Amino acid sequence: MKLLRLLPALVALSLAAPVLAQSALDEIKQAGVLRIGTEGTYAPFTFHDASGELVGFDVEIGREIAERIGVEAQFVEGPWDGLIAGIDANRYDVVINQVGINEERQAKYDFSEPYIASKAALVVKADNTDITSFEALSGKRAAQTLTSNYGKLAQQYGAEIVPTEGFDQSIALVLQGRADATINDSLSFFDFTKQQPDAQVKIAATEADADFSGVLLAKGKPELLQAINDALAEIREDGTYSEISEKYFGEDVSQ
């Protein structure tokens, strides 16, 4: 009898109990896709080949991460300057696009463990003899994307920024003489010269310290972050990372 009297109260208590929200990782698994923000115009990291297919180092890393989480990779393309804002707007779950890890970004977003290391290269026309160091950028025109680490570095050296939408446009402006130089990823430059060996550009200087990039995502998603880090560890351990790295750069680019 006492149990029967308690039943209404127990039912009411169970109805009042909070329903635990799904984690971001659970939602991704339920949807079956990992939405990845990327440029699609930044060779050799994320670009379209002659057939129009989206390819590149970051694209392959993204696909491998999604596969190990157990879902499909769904790429959402957009210009660099709006990529990170797309996380705030929930246009995608992560950004995989050579996003440099820095304190300013870490204050607002989470990053995976670094998956690639790169060095800043100062690129000028082949016949340029005035700019031989980063310090020589002072008062010169540097073609840069406004919100990138390289753009901020150029400003630190006193350059006047000529805004661009990416690496290819930056190089084009240097070749056209509309900019004196660009600071960009050394790996991107090596890929560019491999594709266009007759291009009249050169590296005038390279920074000694490497910058590291990671997968960027919104804060407050610990399960998703851990899954991404676990996937990256698996990619390294089973040799997949080395294969992708060799394919695009001819060497290990994780250090």
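Residues numbered from 1 in each chain as written. Predicted model: local features only at pLDDT ≥ 70, side-chain atom pairs only at ≥ 80, totals over all residues. Heavy atoms only, no water.

Draft legend 1. Here's a closer look at the environment of Ala179. Among the secondary structure elements, Ala179 is positioned in the loop between α8 (167-176) and β12 (182-185). A sequence separation of 37 residues divides Ala179 from Ala142, and the C-alpha atoms of the two residues are 5.6 Å apart. Apart from residues lying up to four places away in sequence, Ala179 is in contact with Arg141, Ala143, Val162, Leu173 and Val174. (Helix = DSSP H or I, 4+ residues; strand = E, 2+ residues; numbered from the N terminus. Contact = heavy atoms within 4.5 Å.)

Draft legend 2. View of the environment of Asp198. Mapped onto the elements, Asp198 comes out in the loop between α9 (186-195) and β13 (201-206). Of the residues examined, Asp198 reaches a relative accessible area of 67% and is grouped as exposed. Each C-alpha atom of the pair Asp198 and Ala66 lies 38 Å from the other, and the pair is 132 residues apart in sequence. (Buried < 20%, exposed > 50% of the residue type's maximum accessible area, 1.4 Å probe, protein only.)

Draft legend 3. Region of the structure containing the side chain of Asp93. Relative to the helices and strands, Asp93 is located in the loop between α5 (85-88) and β6 (94-95). Exposure remark for Asp93: the relative accessible area of 8% places this residue in the buried category. Engagement of the side chain of Asp93 in a polar contact is seen with the backbone nitrogen of Arg35, the distance being 2.8 Å. The contact partners of Asp93, leaving out residues within four places of it in the chain, are Ile28, Val33, Leu34, Arg35, Ile87, Leu216 and Leu217. (Polar contact = N/O pair within 3.5 Å; in protein donor to acceptor, adjacent residues only side chain to side chain.)

Draft legend 4. Representation of the sheet that holds strand β15 (residues 216-218) in the model. Spatially, β5-β1-β6-β15-β7 is the arrangement adopted by the five strands of the open sheet, whose pairing is mixed. The outermost strands of the open sheet, each flanked by one partner alone, are β5 (72-77) and β7 (109-111). Two elements, β6 and β15, share two bridges in a ladder whose sense is antiparallel. Among the inter-strand pairings, Val94 is bridged to a residue of β15, identified as Leu217. Where helix α3 (residues 57-69) meets the sheet, its contacts fall on β1 (33-38) and β5, and the angle it forms with β5 comes to roughly 140°. (Pairing = 2+ DSSP bridges. Axes fitted to C-alpha atoms, helices over the stretch in contact; angles between N-to-C directions.)

Draft legend 5. Local environment of the sheet that holds strand β4 (residues 54-55). The three strands are arranged β2-β3-β4 in an open sheet whose pairing can be described as antiparallel. Among the strands making up the open sheet, the edge pair consists of β2 (41-42) and β4. Pairing of strand β3 (residues 46-48) with β4, which is carried by two bridges, proceeds in the antiparallel orientation. Opposite His48, over in β4, you have Leu54 as the bridge partner.

Draft legend 6. Examining helix α2 (residues 24-31) more closely. Along α2, the residues that are buried comprise Ala24, Leu25 and Ile28. Down the axis of α2, the smallest arc covering the buried residues is 100°, so these residues share one side. Close packing links the buried residues of α2 with β1, α3 and α10 (222-237). Trailing α2 by a residue or two, Gly32 shows a phi angle of about 85°, which is positive. (Arc of directions from axis to C-beta.)

Draft legend 7. Structural view of α10. Between its terminal C-alpha atoms α10 stretches 22 Å, which fits the 22 Å expected from 16 residues at 1.5 Å a residue. Along α10, the residues classified as buried are Leu224, Leu225, Ala227, Ile228, Asn229, Ala231, Leu232 and Ile235. On its buried face, α10 is in contact with α2, α3, β6, β7, β15 and α11 (240-249). (Expected span 1.5 Å × (residues − 1).)

Draft legend 8. Region of the structure containing the pairing of β1. Pairing of β1 with β5 involves six bridges; the strand directions are parallel. Bridging across to β5, Val33 finds its partner in Glu72. Two elements, β1 and β6, share two bridges in a ladder whose sense is parallel. Opposite Gly37, over in β6, you have Val95 as the bridge partner.

Draft legend 9. Spatial organisation of the nonpolar core. With 48 residues, the main nonpolar core has Leu34, Phe57, Ile65, Ile69, Ile116 and Ile228 as its most contacted residues. Counting only elements with at least two residues in this core, the list comes to α2, β1, β4, α3, α8, α9, α10 and α11. Element by element, the count of residues in this core is highest for α10, at seven residues. Not counting the four nearest positions on each side in its chain, Phe57 is found in contact with Pro44, Phe45, Tyr115, Ile116, Tyr241, Ile244, Ser245, Tyr248, Phe249 and Val253. Among the nonpolar cores identified, the runner-up in size contains 15 residues, and Ile131, Ala142, Tyr150 and Leu153 belong to it. (Core = buried A, V, L, I, M, F, W, Y, C linked by side-chain atoms within 4.5 Å.)

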